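The primary structure of each chain is shown beneath.
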Amino acid sequence: MTAFHFPLWYLLIPFAAILLATTIYMFFNIYHIAKFGMQSFGTTVVLLLYFGGYLAVLCVVGIMVSSIDWQHTVTIIEILPFAGNSTSTFGL
Amino acid sequence: MISLKALPNQEHGEVTVLFLRRYWLDLAGAFLFTLAMTIVPIAVWVAIKLGNLTIMSQPFWGPALTLLLGCYMLVVAVITMAQITDYFLDIWIVTNERVINIEQHGLFSRTISELRLNQVQDITSETAGFLGTFLTYGNVFIQTAAERERFQFKNIDNPDDVKLIIAKLVTECKHRHGDASLEQEEQITDHKIPSEPHTA
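Draft legend 1. How the structure looks around the overall build of chain B. Broken down by element type, chain B carries five helices and seven strands. If you list the helices and strands of chain B from N to C, you get β-α-α-β-β-β-β-α-β-β-α-α. Here chain B holds 200 residues, and 27% of them are scored as buried. Considering only contacts within chain B whose residues lie at least 6 apart along the sequence, 58% involve residues at least 24 apart.

As structure tokens, then:
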């Protein structure tokens, strides 16, 4: 009996969808502030905070995600927590 | 963008007297939410470390939890932004001629309404609760005779002072343009009370 294998990068598909959705939502926020906010220094600060904050979060997430070998394949049995497989995808 | 020097439909001689936003405590609430939400994954990580759990080194669950944490961080970031946007775009502007009420409801709904000061019939300030009393923030309600919802300045700083300033502006505006609230009241009364039926 052969176990069902799938590559880890399949997990990146829903992640990419969430990343896209949050990015669009972030741009909606920026659009609203830029279009309907008051013409003031505070508005500029808020816009910079939005860009900076979101970029910082993206960088942290990017570093976390890039440390994983996404070409690695896993079997269904490995999905069960504590199945005893010693292979780490973090290279630990 | 809206400029206080060039308000929409600004009249000649109209000057901005008050520019109000919700009290800073509302914004602090958004930041507290972010702080609390940031502590959650850190607490989970500490629990994993202290419990000597090897789940993060599992071939599937390590990457899956990493992505989940990434999604969580992104969602917390955009929720915080949405809360700041909501705070930032709720604005009340009082000029010597009118009150402009700009309210953002979520990200996809926005209400802009205005009221001429000579239509104002009643102004009420309200401070409620321990924090409201201690930090002097609360609501101001502006009522006209017209059959419409009363204006509400929500959670603003020093509502009593704002009420006094608006009351003074209303008096001045009524001196300049006449009392429009009385005309409105008469119109409403005419509509509501039908004339006496004629008996044959």
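Draft legend 2. Inspection of the sheet that holds strand β3 (residues 98-105) of chain B at higher detail. Residue and element names in this part refer to chain B. Taken in spatial order, the four strands make up an open sheet running β1-β2-β3-β4, and their pairing is antiparallel. What marks the edges here is a single partner per strand, and that holds for β1 (16-20) and β4 (109-116). With strand direction ignored, the average angle separating the axes of adjacent strands in the sheet is 10 degrees. Sheet topology places β1 next to strand β2 (residues 91-95); four bridges connect them, and they run antiparallel. By the bridge assignment, Thr-16 is partnered in β2 with Thr-95.

Draft legend 3. Inspection of the interface of chain A and chain B at higher detail. Chain A puts 38 residues into the contact, and the matching count from chain B is 32 residues. Those elements that provide at least two residues to the side of chain A that touches chain B are α1 (12-36), α2 (41-66) and α3 (76-79) of chain A. Broken down by element, the side of chain A that touches chain B gets its largest block of residues, 11 residues, from α1 of chain A. Residues belonging to the side of chain A that touches chain B are distributed by class as follows: 25 nonpolar, 12 polar and one charged.

Draft legend 4. Seen up close, the packing of α2 of chain A against helix α2 (residues 61-88) of chain B. As a packed pair, α2 of chain A and α2 of chain B sit with axes 9 Å apart at the nearest point and diverge in direction by 175 degrees. Of the possible angle classes, the one that applies to α2 of chain A and α2 of chain B is roughly antiparallel. The segment α2 of chain A lies against α2 of chain B, with Val-46, Tyr-50, Gly-53, Tyr-54, Val-57, Val-60, Val-61, Met-64 and Val-65 of chain A engaging Thr-66, Leu-67, Leu-69, Gly-70, Met-73, Leu-74, Ala-77, Met-81, Ile-84 and Phe-88 of chain B. For the contact of α2 of chain A with α2 of chain B, the per-class residue count stands at 16 nonpolar, three polar and no charged.

Draft legend 5. Region of interest: the domain arrangement of chain B. All names here are of chain B. Entries for chain B in the domain assignment read domain 1 (16-22 + 91-192) and domain 2 (26-87). Here the C-alpha centroids of domain 1 and domain 2 sit 41 Å apart. Taken together, the four residues of domain 1 in the interface contact five residues of domain 2. Tallied by class, residues from the side of domain 1 that touches domain 2 come to one nonpolar, two polar and one charged.

Draft legend 6. Up close: the nonpolar core. Of all hydrophobic cores here, the largest spans 20 residues; its most connected members are Val-99, Ile-142, Ile-156 and Ile-166 of chain B. Put simply, the parts of the chain that give this core at least two residues each are β2, β3, β5 (120-126), β6 (137-144), β7 (151-157) and α4 (159-177) of chain B. Tallying contributions element by element places α4 of chain B first for this core, with five residues. Discounting chain neighbours no more than four positions away, the residues touching Val-99 of chain B are Trp-92, Val-94, Glu-114, Leu-115, Leu-117, Ile-142 and Phe-151 of chain B. Counting residues in each nonpolar core, the second largest holds 14 residues, with Met-26 of chain A together with Leu-74, Val-78 and Met-81 of chain B among its members.

Draft legend 7. A look at α1 of chain A. With 25 residues, α1 of chain A ought to run about 36 Å at 1.5 Å a step, and its terminal C-alpha atoms sit 35 Å apart, in line with that. Those residues of α1 of chain A that fall on the buried side of the exposure criterion are Phe-15, Thr-22, Met-26, Asn-29, His-32 and Ile-33 of chain A. Residues of α1 of chain A that are buried sit in contact with α2 of chain A together with α2 of chain B.

Parameters at a glance
- Residues numbered from 1 in each chain as written.
- Chains lettered and ligands numbered in written order.
- Predicted model: local features only at pLDDT ≥ 70, side-chain atom pairs only at ≥ 80, totals over all residues.
- Helix = DSSP H or I, 4+ residues; strand = E, 2+ residues; numbered from the N terminus.
- Buried ≥ 20, exposed ≤ 12 C-beta atoms within 10 Å, placed from the backbone.
- Contact = placed C-beta atoms within 7 Å.
- Pairing = 2+ DSSP bridges.
- Axes fitted to C-alpha atoms, helices over the stretch in contact; angles between N-to-C directions.
- Nonpolar A, V, L, I, M, F, W, Y, C, P; charged D, E, K, R; others polar.
- Parallel < 35°, antiparallel > 145°, perpendicular 65-115°, else oblique.
- Domains from an automatic or database assignment.
- Core = buried A, V, L, I, M, F, W, Y, C linked by C-beta atoms within 7 Å.
- Expected span 1.5 Å × (residues − 1).

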